[in-house]
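Structure assessment
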Amino acid sequence: MRLHQLSAPVLRALNSVTEDERAVAFLSDAETSRRLLLLRMILGAGTGHPDGDARLAESWHLLETAEKTDPAAFRAVLLDPQVGVWAAALLRRLSRTDSGSRAGEPPLRVELGFLDQLAAAVLIVAGADFETSVPVRDGRVYLPGLGRATVGRGWNVAQVRRRDGVTRIEAGGTEVRLPAKADTDAPGWEGLRTLRAEHAGVTLAITLDDLGPYSPVAALPVADRLSATGFAAWQRWFTSAWRILVDDHPAGARALATGLRSVVPLPRGQRLRPRTASSSEAFGCVVLSEPDEDEAVLPAQLGASVVHEFRHSLLNGLIFLAPLFEECGELFHAPWRDDPRPLGGLVHGAYAFSGVAHFWRTRGTEGLAGFEFALWRGAVSAALKTLHDHPALTPLGHALVRALREQTSAWHGEPVGTRELRLARLAARHHRAAWRAHHMTPPREHVAELMDAWSAGRRSDAATRREPVLGPDPQACRLDVVALLARLSLVAPGEFDALRRHGNPGSRIPGAAPAEVALVAGDPRSAVELYTRELTGLTARPTAWAGLGLALTDCGERAAGELLTHRPELALAVSRSLPAPPDPVALAAWLAG
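Because the structure is a prediction, the values reported are computed rather than measured. (Residues numbered from 1 in each chain as written. Predicted model: local features only at pLDDT ≥ 70, side-chain atom pairs only at ≥ 80, totals over all residues. Heavy atoms only, no water.)

1. What to know about the sheet that holds strand β3 (residues 147-150)
Read across the sheet, three strands follow the order β2-β3-β7 without closing on themselves; strand pairing throughout is antiparallel. Each edge of the open sheet carries a strand with a single partner, namely β2 (140-143) and β7 (189-191). Between one strand and the next, the sheet's axes are offset by a mean angle of 15°, whatever the strand orientation. Pairing of β3 with β7 involves three bridges; the strand directions are antiparallel. (Pairing = 2+ DSSP bridges. Helix = DSSP H or I, 4+ residues; strand = E, 2+ residues; numbered from the N terminus. Axes fitted to C-alpha atoms, helices over the stretch in contact; angles between N-to-C directions.)

2. Re the layout of surface pockets
The volume enclosed by the second largest pocket comes to roughly 820 Å³. Lining of the second largest pocket is provided by 28 residues; of these, His 333, Gly 378, Ala 382, Ala 428 and Arg 432 occupy positions nearest its centre. Those elements that provide at least two residues to the lining of the second largest pocket are β13 (331-332), α12 (367-387), α14 (418-439) and α21 (558-566). Across the lining of the second largest pocket, the residue classes tally to 15 nonpolar, seven polar and six charged. (1 Å grid on protein atoms, 1.4 Å probe; cavity = no way out; pocket = protein on both sides within 12 Å on 5 of 7 lines; lining within 4 Å. Points joined across faces, edges and corners; volume = space filled by probe spheres on them. Nonpolar A, V, L, I, M, F, W, Y, C, P; charged D, E, K, R; others polar.)

3. Overview of the packing of helix α20 (residues 543-554) against α21
Interaxial distance between α20 and α21 falls to 7 Å at its minimum, and their mutual angle equals 150°. Relative to α21, the element α20 lies roughly antiparallel. For α20 against α21, the interelement crossing comes out left-handed. Side by side, α20 and α21 meet where Trp 545, Ala 546, Leu 548, Gly 549, Leu 550, Leu 552 and Thr 553 of the first sit next to Arg 558, Ala 560, Gly 561, Glu 562, Leu 564 and Thr 565 of the second. (Parallel < 35°, antiparallel > 145°, perpendicular 65-115°, else oblique. Left-handed = near helix turned anticlockwise from the far one by under 90°. Contact = heavy atoms within 4.5 Å.)

4. Observations regarding the pattern of salt bridges
Per the stated rule, a full pass over the model turns up 38 salt bridges. Glu 19 is the salt-bridge partner of Arg 311, the closest N and O atoms lying 2.7 Å from each other. Of this pair, Arg 311 sits in helix α10 (residues 298-321) while Glu 19 sits in the loop between α1 (8-14) and α2 (21-46), and the two are 292 residues apart along the sequence. Across the pair, Glu 19 and Arg 311 agree in class, each one buried. Of the charged contacts, one joins Glu 562 and Arg 558 as a salt bridge, the two residues approaching to 4.0 Å between their closest N and O atoms. (Salt bridge = Lys/Arg side-chain N within 4 Å of Asp/Glu carboxyl O. Buried < 20%, exposed > 50% of the residue type's maximum accessible area, 1.4 Å probe, protein only.)

Geometric descriptors of this kind do not, in isolation, establish any biological role.
See below:
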């Protein structure tokens, strides 16, 4: 462990829309020290703890022996993302007044015993002889970085022994012998497999983690073991994505090769809506759903997802060293999320999506690449404008925002295909308006005044600006539907046309209604008719007001359209206050004066 100080070159490299291998190596070194501190804190909190493991001192001694035996192997295992998630969760548990097992938690002795598993993994890699006891978690013993042995059922204890080059794990009369190459399978043993890709002299080697007991993101399940066919598919996908990354982003690819350690696979998500995630505790780990199989889409889609989550990981590493913001209690619109986000979430998103926009910028001006570049350059610009000079940013946070603004400002003058630009602007305006419809609520007294004026046939005073209140709506979901439909129209026009003919597009694309399909297809008059039909019914979505505003604007009814695009929550609130749903077009025109 040593002192880590951010140098000016490293900070410049991190305050960038690209990635730098030297900066990544610096963050990896700092993360090593942070993990060592976490281990020492666990020892301090666990020693003498009422529910602590009596073997803790012995476990620590074995860990010290492992580090002295092979420092390089110790560092590699220590930096395993599973170790980071385990250490952070255990330390939080030890700090509780009720550190005993809550519902769904393993016994505390099992969590403390992970120290023995960590030490055993290092000593196996080092080729050293040893013997130790490790906890069995629901019949299994996991060795970080190596794999998992199945030794029965329940939560008992197993012996791990290594003699004469052979490692055995035994519990309750069941013995598992590790194969010579731990990343292969053997009776009772499942090895962690490595995804390898090489192109133009740059090599990527990362773990496909489908065995680890700790989910990097609490809201997501632990990954299931993939079949050989499933693993081969991920290998094929990464091979194709790696070519793009190395050819178009050689510096970024070298940074990825330096700092990316594992990918946790998820089942395929919805069409053109991949799921991705990362965790501040799992440096170098990305959680990815299976990409779409479209040959024209898959490599770039996967490459963009990897860059996106890796940049989150880098920013987390930077924040551990130097805070970029203080949480201020405010919530903001983030063009990439359904829910209002805190300041930190907006900073994270701006940083991650600046890299995503840079990725697509090299892919061309038309088709999916042109659309994605236009969409995300606009989203990043909007987020950075919100963040500019925000008082809750620290000096380093202000420096980061300034640097990103300087590097991205010229992007808006770069050409993009006409169709792609229209779709990107449509998707961005729809997202923001739909977000407002869900999360903004106008003052109750103003709504009452407008309702009375509408009912009495008087003029609207909606032009008198009265600020709405932000209140997160948990029902807000799939606000990116216009962006998703735009992607589909670009990469699979035949599929999009079939969707337009389909009576219920939402059965194929969750969140999509016929009106949105018409809007993306460039048929605003049909969209107005469809939105009107929906909004005069009994189950209208809040987002329909946003879509109607865009369709009216495209039909030339700018005043009504702009009112609904910028203040859809006002029309929604007035409509809901009336005894029966009014004509939405007439209401929008009346509110617009």
